[in-house]
Amino acid sequence: MSNVTFDWLEFDSLVIEMNNLQELISIVNLYIAEEHETCGKAVSAIQDLTNRIYLDLLSKQKQTTKTYKTKGDK
């Protein structure tokens with residue numbers, strides 16, 4: 001696997017956008033689930049997936065921030 005470099009500001013923006021997406025999916029799911037149970041379950045599955053992605057990105061962001069702070073202390 002090759003290393004990929006990217007801008008941390010872009011990464012931070014991605015984390016913020018994933019959080020925004022999570023919130024929008026929650027709102028949509030509330031309306032859909034009231035009328036259509038099957039569609040509500042599908043939206044819930046999408047929400048679970050995006051939540052896992054968001055939490056993974058957030059974890060990587062925190063790990064990286066911690067690593068840079070530790071390196072900066074030396």
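Above this text you will find the structure in question.
Conventions and cut-offs
Residues numbered from 1 in each chain as written. Predicted model: local features only at pLDDT ≥ 70, side-chain atom pairs only at ≥ 80, totals over all residues. Heavy atoms only, no water. Helix = DSSP H or I, 4+ residues; strand = E, 2+ residues; numbered from the N terminus. Contact = heavy atoms within 4.5 Å. Areas by Shrake-Rupley, 256 points an atom, 1.4 Å probe, with all protein chains shown as cover. Buried < 20%, exposed > 50% of the residue type's maximum accessible area, 1.4 Å probe, protein only.

Details of the overall build of the chain
In step 1: Scanning the chain from N- to C-terminus turns up two helices and zero strands.
In step 2: Taken over the C-alpha atoms alone, the chain extends approximately 60 × 25 × 15 Å along its principal axes.
In step 3: Within the chain, residue pairs in contact and separated by at least 24 positions form 64% of the contacts whose partners lie at least 6 positions apart.
In step 4: Taken as a whole, the chain presents about 6,200 Å² of accessible surface, with 59% of it coming from carbon and sulfur.

As for the environment of Thr50
In step 1: Within the element layout of this structure, Thr50 appears in helix α2 (residues 37-73).
In step 2: Judged by relative accessible area, which is 10%, Thr50 ranks as buried.
In step 3: Taking the C-alpha atoms as reference, Thr50 lies 9.1 Å from Ile25; in sequence the two are 25 residues apart.
In step 4: In contact with Thr50, not counting residues within four places along its chain, are Met18, Leu21, Gln22 and Ile25.

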